[in-house]
Every structure is written in C-alpha cells, then in structure tokens.
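Each chain is listed here by its residues.
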Amino acid sequence: MVNEAMKLAENLFNNDVKMTPTRDGYGEALVELGESNPNVVVLSGDLTESTRTEGFKHKFPDRFYEMGICEQNMVGVACGLSMVGKIPFVATYAAFVPGRAFDQIRISAGYNRSNVKLSGAHAGISVGPDGATHQMMEDIALMRTLPGMTVIAPCDREETRKATIEAANLEGPVYLRFGRDKVPEVTTKETPFKIGKANILMDGSDVAIIANGPLVYEALDAAKTLRRNGVYCMVVNMHTVKPLDVTTLVYAARKCGAVITAEEHQITGGLGGAVAETLARNNPVPQEFIGMPDSYGESGKPRELMEKYGMSSTAIIEAVKKVIARKASGRIFAGVL
Amino acid sequence: MYSKAFVEALEQKSCDIRGDILMMLKEAKSGHSGGSLSSVEILTALYFYKMKHNPMNPDWDGRDYFILSKGHVCPALYTALAHSGYFPREELKTLRKFGSRLQGHPHWLKLPGLETSSGSLGQGLSVANGMALALKLDKKPNRVYCLLGDGELQEGQIWEAAMTSAHYGLDNVCAIVDYNNLEIDGYVEEVMGIHPLVEKWLSFNWHVHECDGNDITSVIRALDHASQMKRKPSVIIAHTTKGKGVSFMEDVDLWHGKTPSPEQLEQALSQLDGACSVFKPWN
Ligand SMILES: Cc1ncc(C[n+]2csc(CCOP(=O)(O)OP(=O)(O)O)c2C)c(N)n1
C-alpha cells in the first residue's frame, strides 16, 4: 500500500506507532550540527527547553545566546552573526517568529539575504490548552511571500532532524516549523529527504492528497480507510512549501485529476494557496482545502481541536468524497459541451 | 592632539561631501536632505579617520563594520563611500534612478562598501550586536559602528538591542546618535519625547560620550574616547543641526524629505564655498 521506496515506519498503522514531537528532531539535529560545524550558533528567546535547544546549550555554551523576550532584536542579532560567517538558528514560538518580528525578517533577514535559520516552534492549533494567542496559523503564509525564503513544515521527529541539518547546509534564510504535540513517527532514518523535493508516500489515481506537518499522518490514515472502499488516493508529503516541488505536484494533479491539500494552518495563504496558485497556472483540477477555516483557535486538547476545525483524517475523507464528486460532474459537464 | 592641517583636511572633506549630497539630491528630485547633512561630520570622521577599511577590498576581514540604521540618510553614506574610492563619484548622479546601484534606501547586495540593507528604522543596532558577538566569538578586534537617528530611538527594538549590547558587554560596539532634535512631524520632544537621553543610555549600562556632532574635532575625540572603553558598549550622543551647512535648511522639519531645486542648490553651494575652500561641483 505505501511506497516501498520511502522506507516508512513499518508499524505506521499499528497502535504501537512511536509518538514524539517534531521539535525533538530539531534539538537532536542542533547537537549534531554543533559537533560537525563550529560556525553553528543558537539563539533562544527565553524558550530554551520547549524549543529543545537546551541540549545544544549544555554542550556548546559559548555558542548559545540567551536573547530574552525580544524577538525583533533576536532576529536582527542573528542576521549580524550570519554576516560575520556564523550559521545562527533562532528558536522561539512561531507566534513570535515570524509573528512578532515580520518586518525584521523581511528586511534584516530576507532583503539582506542573511544566512539565518528561523524556527517557529509550537505552531498550529495542536498547541492546545494555551489557546488562540499561541496557536500560530498564519506563519507559512507570511514566510512564503518573502523572496528567497525557504519554508519547511516537516511531518515528524526524524524529518525535522533531517530538515534542520539540511537547512544548515543551505545558503540563505530558512524557516522551519514545528509543533508542540506528539505526532506519529511516519518516516525513518532511511526515508529520503531533500529540501524542495516532495515525497510520494502512497500511490493512487483517484485523488492526490498533498499534505505536510502532522496532516501527513492524517492523510495516510484517511487514504488507508478509503482504499477499503475502493478509492485510491495518492499521498504526497509536501514538506517544503517554498520552493514548491512543481514537478511532483503537477504529476500528481495530472494523474489523479483532483487534489486535496491538508495542513495545520489557515486555509488562506499556506500550502493550499501555494498548490492552488501552481495548479492554476500549470494544470487546473478541482481542489479541496483542509486547514483552519478562517478562524482563531481556542483552548482544548489537540485532538479535540483538530477534529473541531476539520484537520483530521475524518475531514480528509469527507473532502475526498466531495472532490471526487466535483471531478465527476466536471467530466459530465465537459462531455455535454 | 590632532594637527591643524589634519583637522582642516577633514573639514574640507566634510564640505565636499555636503556639496555632493546636495547635488545628488537635486539630481534625484527625491530623498532626505536634513538628516543627511546633519550626519556629515560623523561619516567623515568614521571613513576618513577612525574606521579600518579597504575600498580596494571591501570584504577585507580586518575591517571595522559600519551599519547605517537610519537608512534614509544614505546620500551621506554613498558620498562617503564614493570619496573613499568604493565606486566612482560620477555614480552619485544615479541616486534613486532605475537600474542604479544607489537605491533609495541602501541595499548591500548592490553596492560595494555597504554592510547591510536598511530603511525600516530601528533594526541596525541589533544587527550590529550580532556582528559584535560573532567577532568576540572569533576573538577578533574589529569594531562595529552603528548610526542611529534620534527619532529612530522611539522604536522599541532599539532598546531591546541596547539591553543586549550591555548584557553581553559588547565593548566592540559603538552606537552614534545623530541628535538633531527633528523627525518628520516636528521636534522629537513634541512628537514622542526621548529626554533625558544621556540618563537613558547610562541606565541601560552603556558608556556615554557627548560631542558636537558637526564639529570634526569633537567627533573624532569622542570616537577615540569610545574605542578605549572596555566591558561596556559605547554610545556617542552627537549634538547636531538638521540640514547643517545650508542656512535655509537648518533646523527646518520640512527639509527632512525635500530636495533642493536648481536655484536652491546654487544658493546652498555658495554657502559651502564660504565655509571652506571652494567646492567643485560636477558639470
Ligand atoms: C519603522 C519605520 N517607521 C517609519 C519610517 C518613516 N521614516 C523615515 S525617516 C523618519 C524620521 C526619522 O527621524 P530621525 O531618526 O530623527 O532621523 P533624521 O532626523 O536624522 O533624519 C521616519 C518616520 C521608517 N523609515 N521606518
């Protein structure tokens, strides 16, 4: 059922699937990078433990900068560090970077083409009980409008680890997004990962589900259920929202003739927007959007919130049915003409 | 301490830079006159006296770094760079024109000699801190200078950065405030007061130096003083006059973002002639 070449976790659909937060992979990668590259430095905005930068801090105290609660300054400092040859990783919540510091990111980081690696932790509604102030659902939209910015939303711990290592080796500004909650470990050490190259995790020809972040697991889960009913979905892990893997996307749209985008982000401006913009120009097909329906969040358990706002496998299944109906009526319509 | 001939040479340089600023602004028909003119002696002192830099090799890793946080006064910086030899003086004429390397606000990827891009006020001191931290990490002696506007100090980020420089004991950072008392909407004290400024910086744990920012000797003395300070960052509060050197522009808020007409330029240049040896305009 799943694409063998992707070497996904074997227990993916079992109850014993390993659950870890994506940010753990960030912390692991930073320690690896600290060892392999003396230029890597880390800045934290009074959120060292929760952004998982404390491992780096303990191992490389002289390359760790506590920046306090001044995110705008922190972004600027990181840019200055990069201009003298360092590779700074900025760690705070997505609500604040990019939320608080967008102008600094636009000018000091983006326009300057600084080699800074910005990380938005605790992104998405799955932050849970903290409520709407901390549930950043607009970060991908903000970041992907910036010229030259690389934007990545990895799906699990291992993919985050790989993305972080690759980000360090990529020249230029990068935004990495993580969640707070534990999510299933979908990928393994052997799963291929390349920034800007989407992975087809499951093949199919009825509908292509283009997902990233925690919605990748939900998409796989939905596809598995749909298969039992004879609906074959392709599942694409579009971890990099910018630069978007246009080749894989257009291939998926051509093959399936309908797409669903699934992300833990506002429906406007995120992965769904990026996919729609690209397909409109290359290969328009009916598209349904799984994401936050133009709303602020609220307190609750991550699962409760994901269900309420329609970012779960259940919602994906509904969207697949809808888009298949649209695809069919489109065909009839075309036939009549 | 500083020879008379040397000071006179710097004064002449300031005069020439002023003339070029006025000429390029007239040519561009838009841009910032007042704040460019008030910062001339500061830039002259930095580029022709204090800073280690190499126009033949702008990326020389032994250089001191200059960050123009108040990016709108780039006409003054561009002129200092051209006079230093980073690019031909001729090119000043292209300010703000389509295809020019001299963007309306500086873009370092376009022009040799620039260290950063700026234009959104309040960001420069943070970047200076980052450079200074990296230099400390590499145990290098280079210094980082950062020019701020007095109106710009209203930005919260400046004070986040001020805390940071002091917290990390960045004695390789020297901020300079072009204290010309004016911003766009009028006097700084009326728009959003920053008084008492010396006490503010002192309470943020900085070394504070005051000088007459339009007197070259006073500026270079303050710069020399600042570079001897240890363990804390230094700020030079440079008391200046906005529009300095041109009688009808001095201390007039309207000249913040206005450029001289051809007639006004002629009048302005004739005033420069009076101050020092003749300024040679371009043809
Ligand atoms: C963040 C930001 N807000 C507003 C502006 C528009 N602006 C350009 S110059 C200026 C006044 C600056 O005053 P000051 O710092 O005192 O500079 P000077 O008087 O030396 O020109 C303003 C408000 C800007 N460039 N950046």
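The shown structure was predicted, so the numbers you read here are calculated from the model rather than taken from an experiment.

Participant: Give me the overall build of chain A: which residues, what numbers.
Facilitator: Broken down by element type, chain A carries 11 helices and 14 strands. Taken over C-alpha atoms, the radius of gyration comes to 19 Å for chain A, in line with the 20 Å a tight globule of 337 residues would show. Dimensions of chain A, computed from the C-alpha atoms along their principal axes, are close to 70 × 40 × 40 Å. Relative to its full complement of 337 residues, chain A shows a buried share of 64%. Put simply, 79% of the contacts in chain A that link residues at least 6 apart link residues at least 24 apart. Each charge class in chain A can be summarised by its mean position, and for the 37 positive and 39 negative side chains these summaries are 4 Å apart.

Participant: Could you give me a rundown of the packing of aromatic side chains, with the residues and numbers involved?
Facilitator: All names here are of chain B. Summed over all chains, the structure comprises 12 aromatic pairs over all chains. Both rings, one in Trp 159 and one in Trp 201, keep their centres 4.9 Å apart while their planes meet at 45°; by these two values the pair is tilted. Placement of Trp 159 in helix 6 (residues 156-167) and of Trp 201 in helix 8 (residues 197-203) is noted, with a sequence separation of 42 residues between them. Classification of Trp 159 by relative accessible area gives buried; the value is 14%.

Participant: Residues and numbers for the site of the ligand, please.
Facilitator: Residues and elements named next belong to chain B. Close to the ligand lie 17 residues, the nearest being Lys 70, His 72, Asp 150, Gly 151 and Lys 242. Note that a nitrogen atom of the ligand is positioned 3.0 Å from one of the backbone N or O atoms of Leu 121. Here Lys 242 contributes a side-chain N or O atom positioned 2.6 Å from an oxygen atom of the ligand. Taken by itself the ligand offers 590 Å² of open surface, and the protein chains cover 77% of this. For the shell around the ligand, a count of residues per class yields 3 nonpolar, 8 polar and 6 charged.

Participant: Residues and numbers for the pattern of salt bridges, please.
Facilitator: A full pass over the atoms with the stated rule returns 32 salt bridges over all chains. Close ionic contact of Arg161(A) with Glu158(A) constitutes a salt bridge, the shortest N to O distance being 2.8 Å. Of this pair, Arg161(A) and Glu158(A) are both found in helix 6 (residues 157-169), 3 residues apart, which corresponds to roughly one turn of the helix. In terms of burial, Arg161(A) and Glu158(A) fall into one category: buried. The shortest N-O distance in the salt bridge between Arg101(B) and Glu91(B) comes to 2.7 Å.

Participant: Mind laying out the packing of helix 1 (residues 4-28) of chain B against helix 4 (residues 74-84) of chain B, listing which residues take part and the relevant values?
Facilitator: Residue and element names in this part refer to chain B. Between helix 1 and helix 4, the least distance of the axes is 9 Å, while the angle of their chain directions is 125°. Comparing the axis directions of helix 1 and helix 4 gives the class oblique. The two elements helix 1 and helix 4 cross, and the hand of that crossing is right-handed. Side by side, helix 1 and helix 4 meet where Lys 13, Asp 16, Ile 17, Asp 20, Ile 21, Met 24 and Leu 25 of the first sit next to Pro 75, Ala 76, Tyr 78, Thr 79, Ala 80 and His 83 of the second. Broken down by class, the residue content of the contact of helix 1 with helix 4 amounts to 8 nonpolar, 2 polar and 3 charged.

Participant: Please set out the sheet that holds strand 1 (residues 65-68) of chain B residue by residue, giving values where relevant.
Facilitator: Hydrogen bonding along the main chain pairs the strands of a sheet, whether they run parallel or antiparallel. Residues and elements named next belong to chain B. With parallel pairing, 5 strands are arranged side by side in an open sheet as 1-2-3-5-4. Both outer strands of the open sheet, strand 1 and strand 4 (207-212), are each paired with one neighbouring strand and no more. This sheet shows a mean twist of 20° between the axes of neighbouring strands, independent of strand direction. Bridge analysis of strand 4 against strand 5 (residues 234-239) gives 6 bridges, and the strand direction is parallel. Paired with Asp 212 across the two strands is His 239, which belongs to strand 5. Of the strands in this sheet, strand 2 (144-149), strand 3 (173-179), strand 4 and strand 5 are in contact with helix 9 (residues 216-227), which crosses strand 4 at around 165°.

Participant: Explain the domain arrangement of chain A residue by residue, including any values.
Facilitator: All names here are of chain A. Entries for chain A in the domain assignment read domain 1 (4-16 + 192-329) and domain 2 (19-184). With centres defined by C-alpha atoms, the gap from domain 1 to domain 2 works out at 25 Å. With 35 residues of domain 1 in contact, the opposing surface of domain 2 contributes 36 residues. Of the roughly 2700 Å² buried at the junction of domain 1 and domain 2 (both faces included), carbon and sulfur atoms supply 60%. For the pair domain 1 and domain 2, the number of links is 1 salt bridge. Counting across the domain 1 and domain 2 interface gives 21 residue pairs in polar contact (both at pLDDT 80 or more). At the level of elements, helix 7 (215-228), strand 12 (240-242), strand 13 (259-266), helix 9 (271-282) and helix 10 (302-308) are the ones that each hand at least two residues to the side of domain 1 that touches domain 2. Here the side of domain 1 that touches domain 2 gets 4 residues from one element, more than from any other, and that element is helix 9.

Participant: Help me get a handle on the nonpolar core, residues and values and all.
Facilitator: Leu43(A), Ile210(A), Leu125(B) and Trp201(B) are the most contacted members of the largest nonpolar core, which has 81 residues in total. With 8 residues, the single largest contributor to this core is helix 5 (residues 124-137) of chain B. If you count residues domain by domain, this core takes at least three from each of domain 1 (4-16 + 192-329) and domain 2 (19-184) of chain A. Counting 57 residues, the second largest nonpolar core, distinct from the first, contains Tyr2(B), Ala28(B), Leu68(B) and Ile216(B).

What counts, and where the lines are drawn
Residues numbered from 1 in each chain as written. Chains lettered and ligands numbered in written order. Predicted model: local features only at pLDDT ≥ 70, side-chain atom pairs only at ≥ 80, totals over all residues. Heavy atoms only, no water. Helix = DSSP H or I, 4+ residues; strand = E, 2+ residues; numbered from the N terminus. Rg over C-alpha atoms; globule rule 2.2 N^0.38 Å. Buried < 20%, exposed > 50% of the residue type's maximum accessible area, 1.4 Å probe, protein only. Contact = heavy atoms within 4.5 Å. Lys, Arg positive; Asp, Glu negative; His and termini not counted. Charge placed at Lys NZ, Arg CZ, Asp CG, Glu CD. Phe/Tyr/Trp six-rings, centres within 6.5 Å; stacked < 30°, edge-to-face > 60°. Near = heavy atom within 4 Å. Polar contact = N/O pair within 3.5 Å; in protein donor to acceptor, adjacent residues only side chain to side chain. Areas by Shrake-Rupley, 256 points an atom, 1.4 Å probe, with all protein chains shown as cover. Nonpolar A, V, L, I, M, F, W, Y, C, P; charged D, E, K, R; others polar. Salt bridge = Lys/Arg side-chain N within 4 Å of Asp/Glu carboxyl O. Axes fitted to C-alpha atoms, helices over the stretch in contact; angles between N-to-C directions. Parallel < 35°, antiparallel > 145°, perpendicular 65-115°, else oblique. Left-handed = near helix turned anticlockwise from the far one by under 90°. Pairing = 2+ DSSP bridges. Domains from an automatic or database assignment. Buried area = accessible area lost by both parts, 1.4 Å probe. Core = buried A, V, L, I, M, F, W, Y, C linked by side-chain atoms within 4.5 Å.

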